[in-house]
Amino acid sequence: MVLRREGRLDLHAAAVVPPIEGAGAVLIVGAKGAGKSSLTLSLAMAGWRFLSDDYVLAWRDGRQIRLGSLRSALYLTPDAVDRLPGKRPPGRDVPRMGKRMFDAEPLFPGQHMIEAPLAAVVFPERSPDESSSLEPIRAVESFQRLLALTPFLAADPSARPCLEVARLIADLPSFVLRAAPDVLDPKTASRLLVRAFA
């Protein structure tokens, strides 16, 4: 991919921005089914802005990492659709994904962003516990998790410029979110992820 040769790292990740003046984005990196879209929905319902629920682009801009939205639509599972507030547009079925696609603006007016600086990284994991927890991890573990979730970084020689971007991402505050069902509550999700900025 041409973008990768230019140090533009495409990530299977969500990106959200808390309602805190001057705050950067939280990158939510996880495999399919990890809960990126559900968490993005919960946070959007709590007033967070978002770039994407599933695909973002990361690149170095001077001394910081910036994120860009690679798609503006939200792709929600049937249970996530049931959590949407009030009257909602019908959306469109995407059978190959088992999800329903919604344009972001009618659902959350003014909350979709195109670009933001990155401030923290969260790796969600489903948890059987009653309550969710956010646990800090070291940069080396964050980098290992990024490599595992973006295998082309090691396999594709043209993606080598993206390795530095991944290292810089991993150097930011990083966390594992042990996501229990309570994270579907917007207030709980917001309270947990705001801790990434403490």
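Since this is a predicted model, take the numbers as computed values, not measurements.

Enquirer: Which residues make up helix H5 (residues 139-149), and what are the values?
Expert: Among the residues of H5, those classed as buried are Ser 142, Phe 143, Arg 145 and Leu 146. Taken down its axis, H5 places every buried residue within 160° of arc, on the same side. Buried residues in H5 make contact with strand E2 (25-29), strand E9 (115-126), strand E10 (133-137), helix H7 (160-170) and strand E11 (174-179).

Enquirer: Can you tell me about H7, naming the residues and giving the values?
Expert: For H7, the full list of buried residues reads Cys 162, Leu 163, Val 165, Ala 166, Ile 169 and Ala 170. Angularly, the buried residues of H7 cover 165° about the axis, an arc narrow enough to put them on a single face.

Enquirer: Which residues make up the nonpolar core, and what are the values?
Expert: In terms of nonpolar packing, the biggest core is built from 31 residues, with Leu 9, Leu 11, Leu 27, Ala 58, Leu 67 and Ile 169 touching the most fellow members. If you list the elements that add at least two residues to this core, you get strand E1 (9-17), E2, strand E4 (55-61), strand E5 (64-69), E9, H5, helix H6 (152-155) and H7. Once you skip the residues sitting within four places of it in the chain, Leu 9 turns out to touch Val 56, Leu 57, Ala 58, Phe 152, Leu 153, Cys 162, Val 165, Ala 166 and Ile 169. With 30 residues, the next largest nonpolar core counts Leu 43, Ala 44, Leu 74 and Leu 177 among its residues.

Enquirer: Could you give an account of the packing of aromatic side chains, with specific residues and numbers?
Expert: Under the counting rule described, the total for this entry stands at one aromatic pair. Each ring, one from Phe 50 and one from Phe 108, has its centre 6.1 Å from the other, and the planes form 85°; the classification is edge-to-face. With Phe 50 in strand E3 (residues 49-52) and Phe 108 in the loop between helix H4 (104-107) and E9, the pair connects residues that are 58 residues apart, well separated along the chain. Owing to a relative accessible area of 1%, Phe 50 belongs among the buried residues under this scheme. Look at Phe 108 and you get buried, because its relative accessible area is 5%. Its end group placed over the ring of Phe 152, Arg 4 keeps NZ or CZ at 3.5 Å from the ring centre.

Enquirer: So, the environment of Ala 104: which residues are in play, and what are the values?
Expert: As for its position among the elements, Ala 104 is in helix H4. Considered as a pair, Ala 104 and Ser 52 are 52 residues apart in the sequence and their alpha carbons are 9.2 Å apart.

Enquirer: How would you explain the sheet that holds strand E8 (residues 99-102) if you had to name every residue and give the values?
Expert: Read from one edge to the other, the open sheet built from three strands follows the order E6-E8-E7, with strand pairing classed as antiparallel. Only two strands of the sheet have a single partner each, and these edge strands are strand E6 (74-76) and strand E7 (92-94). Across this sheet, the average inter-strand angle for adjacent strands is 35°, counted without regard to direction. As defined by bridge partners, E6 adjoins E8 across three bridges and the pair is classed as antiparallel. Residue pairing for E8: Leu 74 is matched across the bridge by Phe 102.

Enquirer: Residues and numbers for the pattern of salt bridges, please.
Expert: Tallying each qualifying case throughout the model produces 13 salt bridges. The shortest N-O distance in the salt bridge between Lys 36 and Asp 54 comes to 3.8 Å. Remark: Asp 54 occurs in the loop between E3 and E4 and Lys 36 occurs in helix H2 (residues 36-45); sequence separation between them is 18 residues. The class for Lys 36 is buried, based on a relative accessible area of 3%. Of the residues examined, Asp 54 reaches a relative accessible area of 7% and is grouped as buried. For Arg 92, the salt bridge goes to Asp 103, with nearest N and O atoms at 3.9 Å. Of this pair, Arg 92 sits in strand E7 while Asp 103 is found in the loop between E8 and H4, placing the two residues eleven residues apart along the sequence. Through salt bridges with shared partners, a single ionic network connects Glu 125, Glu 135, Glu 141, Arg 145 and Arg 178.

Parameters and conventions
- Sequence order sets the numbering: in each chain, residues are counted from 1 along the sequence as written.
- This being a predicted model, a pLDDT of at least 70 is required before a residue's local features are given, and a value of 80 or more before pairs of side-chain atoms are given or counted; all residues contribute to the totals for chains, interfaces and linings.
- Excluding hydrogens and water, the side-chain values take into account all heavy atoms of the structure.
- The rule is simple: take the accessible area with a 1.4 Å probe, protein chains only, and divide by the maximum for that residue type; under 20% is buried, over 50% is exposed, in between is partly exposed.
- Think of it this way: any DSSP run of H or I at least four residues long counts as a helix, any run of E at least two long counts as a strand, and we number them from the N terminus.
- The directions considered for the arc run from the helix axis to the C-beta atoms.
- Any two residues whose heavy atoms approach within 4.5 Å are treated as being in contact.
- Definition used in this section: a nonpolar core is a set of buried Ala, Val, Leu, Ile, Met, Phe, Trp, Tyr and Cys residues joined via side-chain atoms within 4.5 Å.
- Ring pairs are drawn from Phe, Tyr and Trp, using the six-membered ring of Trp, whenever the two centres fall within 6.5 Å, and their geometry is named by plane angle: stacked under 30 degrees, edge-to-face over 60, tilted for the rest.
- Whether a charge lies above a ring is judged from NZ of Lys or CZ of Arg, which has to be within 6 Å of the ring centre and within 35 degrees of the ring normal.
- Only strands joined by at least two bridges in the DSSP assignment are considered to pair.
- For helices, the axis comes from a line fit to the C-alpha atoms of the stretch in contact; other axes are also lines fit to C-alpha atoms, and the angle between any two N-to-C directions lies between 0 and 180 degrees.
- Take a side-chain nitrogen of Lys or Arg and a carboxyl oxygen of Asp or Glu: if they are within 4 Å of each other, that pair is a salt bridge.

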